[in-house]
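# Report on the structure
Chain by chain, the residues run as shown.
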Amino acid sequence: MAHKIKIQEIGFITHNVLQIKTDRPSGYNFNLGQACEMSINQPKWKEKKRPFTFTSLPDDGYLQFTIKVYPDHDGVTDQLQTLEQGDSLLISDSWGAISYEGPGVFLAGGAGVTPFIAIIKNLAKKGELEGNKLIFGNQRERDIILQSDFEKWLGKDFINILSDEHSSKFTHGVIDKQYIKDQVADLDKKFYVCGPPPMMDSVYNALLDLKVPKKNIITEDFD
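The numbering scheme is per chain: residues are counted from 1 as the chain's sequence reads. Since the coordinates come from a predicted model, pLDDT governs what is reported: local features require at least 70, and pairs of side-chain atoms require 80 or more to be given and counted, while whole-chain, interface and lining totals use all residues. As a rule here, side-chain values come from all non-hydrogen atoms in the structure, and water together with hydrogens is ignored.

## Overview of helix α5 (residues 197–209)
In an α-helix, one turn spans 3.6 residues, which is why side chains three or four residues apart end up on the same side. Working definition: helices are DSSP H or I runs of at least four residues, strands are E runs of at least two. Numbering for both runs from the N terminus. Working rule for helices: expected span equals 1.5 Å times residues minus one. Helix length check: α5, at 13 residues, gives a terminal C-alpha distance of 18 Å against a target of 18 Å (1.5 Å per residue), a fit within 8%. Residue exposure (1.4 Å probe, protein chains only): buried if accessible area is under 20% of the type maximum, exposed if over 50%, otherwise partly exposed. Taken together, the buried positions of α5 are M199, M200, V203, Y204, A206 and L207. Each buried residue of α5 lies within a common arc of 160 degrees when the element is viewed along its axis, so the set occupies one face. Facing away from the buried side of α5 by over 90 degrees, the exposed positions are P197 and P198. At its buried positions, α5 is contacted by β7 (104–109), α4 (177–183), β11 (190–194) and β12 (217–218). What the arc describes is the spread of directions from the helix axis to the C-beta atoms. Two residues qualify as a contact provided that any one of their heavy atoms is within 4.5 Å of a heavy atom in the partner residue.

Take a look at the structure:
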């Protein structure tokens, strides 16, 4: 079922990440970490649906999405940045994605952090972040989504690694087997993984190599 929603606020929170706040249809429900199919309510775009994760909380009176824009794709995300307050979007009912199963390590690559935003925000709100850690891989520091929020919520348990930039603040490299081993003392916990498919494949296999049971690895794509 398609729901029409109107944009209340829209703007960039990094050089290439949009945050969109909309009204919320009456009776519309979703769970932490879930997503929906979204399209732009314009003749040329209304059939071009893309999945986006909710970054608002289920008990908020509005919906919020945090979306990386890809101008070179000439697609939906590029078009989203042309929208303004009052423009409308179409969304499907909520579905799937990643659910929180207890304290653990969130391993995110780029825009793959979006399913974790509402989960971590909700844990912070309830004072239940103890035992959780976010390891966030990006190309450059300017790509880090919600850096100040994650620093506020997680403190020393917010760890960044940059693949394309050397920085005195952050490690240079990627989230691989050795890096996970260096950063996580206790491997007997839940691991939540989301990012570009090559990153997810690599991290998933690294966790298996580290003898993490499959049942403790939570992703959108693996059983």
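## Quick look at the sheet that holds strand β4 (residues 50–53)
Whenever strands of a sheet pair, they do so through backbone hydrogen bonds, lying parallel or antiparallel. Any two strands with at least two DSSP-identified bridges between them are counted as paired. Spatially, the 6 strands line up as an open sheet ordered β4-β3-β6-β1-β2-β5, and their pairing is antiparallel. Taken across any chain shown, the strands that pair with only one partner, and hence form the sheet edges, are β4 and β5 (63–68). Sheet twist, expressed as the mean angle between neighbouring strand axes with direction ignored, is 45 degrees. As paired elements, strand β1 (residues 3–14) and strand β2 (residues 17–22) share 6 bridges and run antiparallel to each other. Between the N-to-C directions of two axes lies an angle of 0 to 180 degrees, each axis being a line fitted to C-alpha atoms and, for a helix, fitted only over the stretch in contact.

## Some remarks on the pattern of salt bridges
Should a side-chain nitrogen of Lys or Arg be within 4 Å of a carboxyl oxygen of Asp or Glu, the pair is scored as a salt bridge. According to the stated counting rule, one finds 7 salt bridges in the structure shown. Here E9 and K21 are joined by a salt bridge, their closest N and O atoms 4.0 Å apart. Residue E9 is located in strand β1, and its partner K21 is located in strand β2; the two are separated by 12 residues in the primary sequence. Residue class for K21 comes out partly exposed when judged on its relative accessible area of 22%. A salt bridge links R140 to D143, with the shortest nitrogen-to-oxygen separation between them at 3.3 Å. In this structure R140 comes out as partly exposed when scored by relative accessible area, which is 23%.

## Quick look at the nonpolar core
Residues V113, F116, I120, L134, F136, F150 and L154 are the most contacted members of the largest nonpolar core, which totals 25 residues. Only β7, α2 (114–126), β8 (133–138), α3 (147–154), β9 (158–162) and β11 provide two or more residues apiece to this core. Beyond its immediate chain neighbours, meaning those up to four positions away, I120 contacts F106, L129, L134, F150, W153 and L154. Side-chain atoms within 4.5 Å link the members of a nonpolar core, which is a set of buried Ala, Val, Leu, Ile, Met, Phe, Trp, Tyr and Cys residues. Counting 21 residues, the second-largest nonpolar core is a separate cluster that includes F65, I67, V69 and V76.

## Focus: the sheet that holds β8
Spatial ordering of the open sheet is given by β10-β9-β8-β7-β11-β12, a layout of 6 strands whose pairing is parallel. Looking along the sheet, the strands with just one partner apiece sit at the ends: β10 (171–172) and β12. Pairing analysis gives 5 bridges linking β8 to β9, with the strands arranged parallel. Among the inter-strand pairings, I135 is bridged to a residue of β9, identified as I159. Relative to β7, α2 is tilted by about 145 degrees, and along the sheet it contacts β7, β8 and β11.

## A few points about the pairing of strand β3 (residues 35–40)
On any regular strand, side chains alternate: one points to one face of the sheet, the next to the other face. The element β3 is extensively covered by neighbouring structure, given that 5 of its 6 residues are classed as buried. Inspection of the sheet shows β3 paired to strand β6 (residues 88–91) by 3 bridges, in the antiparallel sense. Bridge pairing in β6 places I40 opposite L89.

## Overview of the packing of aromatic side chains
Each pair of aromatic rings taken from Phe, Tyr and Trp, with Trp reduced to its six-membered ring, is defined by centres within 6.5 Å and is described as stacked if the planes are under 30 degrees apart, edge-to-face if over 60, and tilted in the remaining cases. Inspection of the entire model under this criterion finds 10 aromatic pairs. Geometrically, the ring pair formed by F150 and W153 is edge-to-face, given 5.6 Å between the ring centres and 80 degrees between the ring planes. Within this pair, F150 and its partner W153 are both found in helix α3, separated by 3 residues, close to a single helical turn. Taken together, a centroid distance of 5.3 Å and an interplanar angle of 40 degrees make the contact between F150 and F158 tilted.

Geometric values such as these leave the question of function open.
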